[in-house]
Amino acid sequence: MSDLPQQIKQRAKFRAEDDLLRQMGYAKPGRRHRERLAMVLADPALGLGTPMYDFVHGRRDFLRALCRALRIPEHSCRAFIAERDALDKAERQAYPPWLFVDTGFRRSDRPGMPLFALALLERRRRLKLPPDTCRLPWDQQLARAQARVREHMAESGGELKVWGRIQRYLFCYAEDHQLEIAPSGEVRGETSGRGLSQASITLKGKPISLLSDDKDNAT
């Protein structure tokens, strides 16, 4: 892994923010420019993971201008950008690990509830993990999943509205591969996908996804 973030931090410590920004092409540095510079300096990815344009620089050009202003060789900047691009590509192609909250729910448990309503609530049973989880070593992926299980149990009180009491979690870490985790966070071992269901509706014979991107997965 490149040490460019450390190089940049070290050199930037001895430069006044506004002087550095002016050298990067900002004729009249303002608060937003300073905030962006601080964000990039604090970010291990040096801002490359955050789409941003301030009418002067996009994320890659901002980093290039910063390196030039700090007299860091251009090849170091190019290598870091290439490294981050490769990591981002690998992350997009990798299976994104996630958690299924299993309450043992059966359709007969809620006979009067419209399927559309269940489909809207499906997101409550599917917990996302941070996007970079797939890049972590296996033991760290598992530790992150266990931590999310314990966090979710605390948030939910051990029950999902409509779906029922939480019996277990399925850590889906690869296509057709699940690991069972107890509500306590204890790993029980490999398991089948039994119980891994999804409430959905169709339009003209095609399934419609109602899973939300919002973070309110807990209750």
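The structure we're discussing is the one just above.
The present account deals with the structure reproduced in this document. Since we're looking at a predicted model, the values are computed, not measured.

1. Description of the overall build of the chain
Reasoning step 1: When helices and strands are counted, the chain shows seven helices and nine strands.
Reasoning step 2: Burial analysis of the chain (219 residues in total) assigns 38% to the buried set.
Reasoning step 3: Nonlocal contacts in the chain, meaning residues at least 24 apart in sequence, comprise 63% of its contacts between residues at least 6 apart.

2. Focus: helix α4 (residues 59–69)
Reasoning step 1: Of all the residues in α4, the buried ones are Phe62, Leu63, Ala65, Leu66, Cys67 and Ala69.
Reasoning step 2: Taken together, the buried residues of α4 touch α1 (4–12), α2 (17–23), α3 (31–42) and α5 (74–93).
Reasoning step 3: Backbone geometry just downstream of α4 places Arg71 in the positive-phi region, at approximately 60°.

3. What to know about the pattern of salt bridges
Reasoning step 1: Evaluation of the coordinates by the stated rule reveals 16 salt bridges.
Reasoning step 2: Its salt-bridge partner being Arg34, residue Asp18 comes within 2.8 Å of it at the nearest N-O pair. Here the residue Asp18 occupies a position in helix α2, and Arg34 occupies one in helix α3, the gap between them amounting to 16 residues.
Reasoning step 3: Classification of Asp18 as partly exposed rests on a relative accessible area of 23%.

4. Some details on the sheet that holds strand β7 (residues 187–191)
Sheets are built from strands that pair by backbone hydrogen bonding, the pairs being arranged parallel or antiparallel.
Reasoning step 1: Reading across the sheet, the five strands line up as β2-β1-β5-β6-β7 and stay open at both edges, with antiparallel pairing between neighbours. For this open sheet the edge positions go to β2 (126–128) and β7, each flanked by a neighbour on one side alone. Averaged over all adjacent pairs, the angle separating strand axes in this sheet is 25°, with direction ignored.
Reasoning step 2: One ladder, built from three bridges, connects strand β1 (residues 98–102) with β2; its direction is antiparallel.

5. With respect to the packing of α4 against α5
Reasoning step 1: At a closest axis distance of 10 Å, the pairing of α4 and α5 adopts a crossing angle of 150°. Classed by the angle they form, the pair α4 and α5 counts as roughly antiparallel. Regarding α4 and α5, the two cross each other, and that crossing is right-handed. Two secondary-structure elements touch here, α4 through Arg60, Leu63, Arg64 and Cys67 and α5 through Cys77, Phe80, Ile81 and Asp85.
Reasoning step 2: Here the residues of the contact of α4 with α5 are counted per class, giving five nonpolar, no polar and three charged.

6. A few points about the nonpolar core
Reasoning step 1: With 22 residues, the main nonpolar core has Ile8, Leu20, Met24, Leu63 and Leu66 as its most contacted residues.
Reasoning step 2: Those elements that provide at least two residues to this core are α1, α2, α3, α4 and α5.
Reasoning step 3: Per element, the largest residue contribution to this core is six residues, and it comes from α4.
Reasoning step 4: Counting 19 residues, the second largest nonpolar core, distinct from the first, contains Val101, Phe105, Leu127 and Ile166.

7. Points about the packing of aromatic side chains
Reasoning step 1: This structure, assessed with the given rule, holds seven aromatic pairs.
Reasoning step 2: Aromatic side chains Tyr26 and Phe62 sit 6.3 Å apart centroid to centroid with 55° between the ring planes, which places their arrangement in the tilted category. A residue pair is termed long-range when its members are at least 10 positions apart, and Tyr26 in the loop between α2 and α3 and Phe62 in helix α4 qualify at 36 residues.
Reasoning step 3: A relative accessible area of 1% places Phe62 in the buried class.
Reasoning step 4: Taken together, a centroid distance of 5.9 Å and an interplanar angle of 25° make the contact between Trp138 and Phe171 stacked. Highlighted residues: Trp138 in helix α7 (residues 138–156) and Phe171 in strand β5 (residues 168–174), separated in sequence by 33 residues.
Reasoning step 5: The exposure class of Trp138 is partly exposed, given its relative accessible area of 40%.

Thresholds applied
Residues numbered from 1 in each chain as written. Predicted model: local features only at pLDDT ≥ 70, side-chain atom pairs only at ≥ 80, totals over all residues. Heavy atoms only, no water. Helix = DSSP H or I, 4+ residues; strand = E, 2+ residues; numbered from the N terminus. Buried < 20%, exposed > 50% of the residue type's maximum accessible area, 1.4 Å probe, protein only. Contact = heavy atoms within 4.5 Å. Salt bridge = Lys/Arg side-chain N within 4 Å of Asp/Glu carboxyl O. Pairing = 2+ DSSP bridges. Axes fitted to C-alpha atoms, helices over the stretch in contact; angles between N-to-C directions. Parallel < 35°, antiparallel > 145°, perpendicular 65-115°, else oblique. Left-handed = near helix turned anticlockwise from the far one by under 90°. Nonpolar A, V, L, I, M, F, W, Y, C, P; charged D, E, K, R; others polar. Core = buried A, V, L, I, M, F, W, Y, C linked by side-chain atoms within 4.5 Å. Phe/Tyr/Trp six-rings, centres within 6.5 Å; stacked < 30°, edge-to-face > 60°.

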